[in-house]
Amino acid sequence: MAVNGDWSDCGFLVLNAGSSSLKVALFAATGDEALLSGKVEKIGPDGVIQLKDAQGQALPVAEGVAEGDLGTHTGALMVVIRTIQRHFPALRLAAVGHRIVHGGPQFNAPLVITPDVMRTLEALAPFAPLHQPHNLAGVRAAMAAFPGVPQVACFDTAFHRDQPFVNDTFGLPSRYYEQGVRRYGFHGLSYEYITGQMRQLAPQLAAGRVVVAHLGNGASMCAVHDGRAVASSMGFSPLDGLAMGTRCGQIDPGVLLYMLDQEKLSSAEIARVLYHESGLLGLSELSNDMRTLEAAGTPQAQRAIDYFVMRAQRELGALAAQLGGLDALVFSGGIGENSVLIRARICERLGWMGIELDPARNAEHATWISAEQARTAVLVVRTHEELVIARSVRAVVGMA
Ligand SMILES: Nc1ncnc2c1ncn2[C@@H]1O[C@H](COP(=O)(O)OP(=O)(O)O)[C@@H](O)[C@H]1O
Ligand SMILES: CC(=O)OP(=O)(O)O
Ligand SMILES: [Mg+2]
């Protein structure tokens, strides 16, 4: 911690633990540029780590990394910590910031994790089984590695907490809402960053009706009016809405009853189908990776892409209806930022919404990709969840 408010030799770590990856960034007390950033992907037997310094140069990991160290989130974090200690021996760690996917109905702002908070977050793990256990494993590993250092939770659900009741509830008996069965929405750290960027890039549009499409391995869309969340395609869990890498997206609950009653699947088996075997992977029977599907050119890969595009168009229409019209559509996430094809396919046939792309600008991944004469702006904004966490950590521990 800082001595007499002097944070000059302090830094803090940001962890974004996903279903199969761990993104990390090390920040100094001030500044938006990370001193070190990187990710561990495919955590498991084929884990791969890439770390870079502030200039973008690859940083070698600490010696002694054994095969298998990248097999778990905790092992991967230990490799990152050893590497940081080697490259920044004089740095004093003032805090660790964590992306926590589920904050439930109670948490709508970043906070320091106490034992009580930890218990509440653990109880929410069944609502986001692909994410929350990994998020919390990251918290425990960081607590063990840095005893006494504040651990700050930043919630993916917080951005959506003030959406109107009709977009927060299901049409179930009201006791379910009281129990916490609500449409939480996720990817909130990404939406917070993008709405902030929109205020800088296009203040007039940011004050209007915007749909942000966060299309990554997990994918969702959020309707935002004047920077505030109105509705999200994701609901109670990160399963709802768009088709994803391995998740099904919107589904008729009757299908779950069929799996239970006719196929006699257990709830664990159903969860496996919905979270791990569906979406792009399930439809293509090839891959959850959009790059692989685009390159494959097989009829089944094509069907998976067609379904992904159809769901995105349907959700966009539904969210635009909630906003009473659309001033801007913003693409983000690994697919939204990088796939010329998917952006073009989603925007195809949306002329009635005022959407028309400029193909050359789309191909260049320009920030503004809509045609000059188009009524609705279409933008590409690279998201930065780690920076949102970094800003929150500074505010919570009093560094800002
Ligand atoms: N150039 C590209 N073209 C198409 N898809 C891409 C491209 N680059 C990355 N993607 C896709 O982005 C997805 C991963 O997005 P990302 O936001 O990094 O995921 P995560 O949810 O794990 O943070 C993968 O499906 C990947 O194939
Ligand atoms: C909430 C969610 O789906 O997150 P991710 O995109 O990291 O899988
Ligand atoms: Mg993501």
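Quick caveat, the model's predicted, so the values are computed rather than measured.

The rules behind the values
Residues numbered from 1 in each chain as written. Chains lettered and ligands numbered in written order. Predicted model: local features only at pLDDT ≥ 70, side-chain atom pairs only at ≥ 80, totals over all residues. Heavy atoms only, no water. Salt bridge = Lys/Arg side-chain N within 4 Å of Asp/Glu carboxyl O. Helix = DSSP H or I, 4+ residues; strand = E, 2+ residues; numbered from the N terminus. Near = heavy atom within 4 Å. Polar contact = N/O pair within 3.5 Å; in protein donor to acceptor, adjacent residues only side chain to side chain. Areas by Shrake-Rupley, 256 points an atom, 1.4 Å probe, with all protein chains shown as cover. Nonpolar A, V, L, I, M, F, W, Y, C, P; charged D, E, K, R; others polar. Buried < 20%, exposed > 50% of the residue type's maximum accessible area, 1.4 Å probe, protein only. Pairing = 2+ DSSP bridges.

Observations concerning the pattern of salt bridges
Point 1. Summed over the entire model, instances satisfying the criterion amount to 17 salt bridges.
Point 2. Note that Arg-82 and Asp-69 form a salt bridge whose closest N and O atoms lie 3.8 Å from each other. You can see Arg-82 sitting in helix H1 (residues 73–87) and its partner Asp-69 sitting in the loop between strand S4 (48–53) and H1, a full 13 residues away along the chain.
Point 3. One salt bridge connects Arg-99 with Asp-156, and the closest N-O pair in it is separated by 2.5 Å.

Side note on the site of ligand 2
Point 1. What surrounds ligand 2 is the set Arg-99, His-131, Asp-156, Phe-186, His-187, Gly-218, Met-234, Pro-238 and Arg-247.
Point 2. Arg-99 has a polar side-chain atom sitting 3.0 Å from an oxygen atom of ligand 2.
Point 3. One of the side-chain nitrogen or oxygen atoms of His-187 is found 2.8 Å away from an oxygen atom of ligand 2.
Point 4. Expressed as a share of its isolated accessible area of 260 Å², the protein-covered part of ligand 2 is 89%.
Point 5. Across the shell around ligand 2, the residue classes break down as three nonpolar, three polar and three charged.

A look at the site of ligand 1
Point 1. As a structural note, the neighbourhood of ligand 1 is formed by 14 residues, with Lys-23, Asn-217, Asp-289, Met-290 and Gly-334 the closest of them.
Point 2. Asp-289 places a side-chain nitrogen or oxygen 2.3 Å from an oxygen atom of ligand 1.
Point 3. Gly-334 is positioned such that a nitrogen or oxygen atom in its backbone is 2.9 Å from an oxygen atom of ligand 1.
Point 4. Relative to its unbound accessible area of 580 Å², ligand 1 is 74% covered by the protein chains.
Point 5. Going through the elements one at a time, helix H10 (290–296) and helix H12 (333–338) are the ones with two or more residues in the shell around ligand 1.
Point 6. Its residues assigned to classes, the shell around ligand 1 comprises two nonpolar, eight polar and four charged.

Notes on the pairing of strand S1 (residues 10–17)
Point 1. With eight of its eight residues buried, S1 lies for the most part within the structure.
Point 2. Burial along S1 is two-sided: the face carrying Cys-10, Phe-12, Val-14 and Asn-16 and the face carrying Gly-11, Leu-13, Leu-15 and Ala-17 are both buried.
Point 3. Where S1 lies against strand S5 (residues 92–100), six bridges are found, and the strand directions are parallel. By the bridge assignment for S5, Val-14 is matched with Gly-97.
Point 4. Here S1 runs beside strand S2 (residues 22–28); their pairing, made up of seven bridges, is antiparallel. Residue pairing for S2: Asn-16 is matched across the bridge by Lys-23.
Point 5. Between S1 and the antiparallel strand that follows it, S2, lie four residues.

Everything listed here is a matter of coordinates, which is why it stays silent on function.
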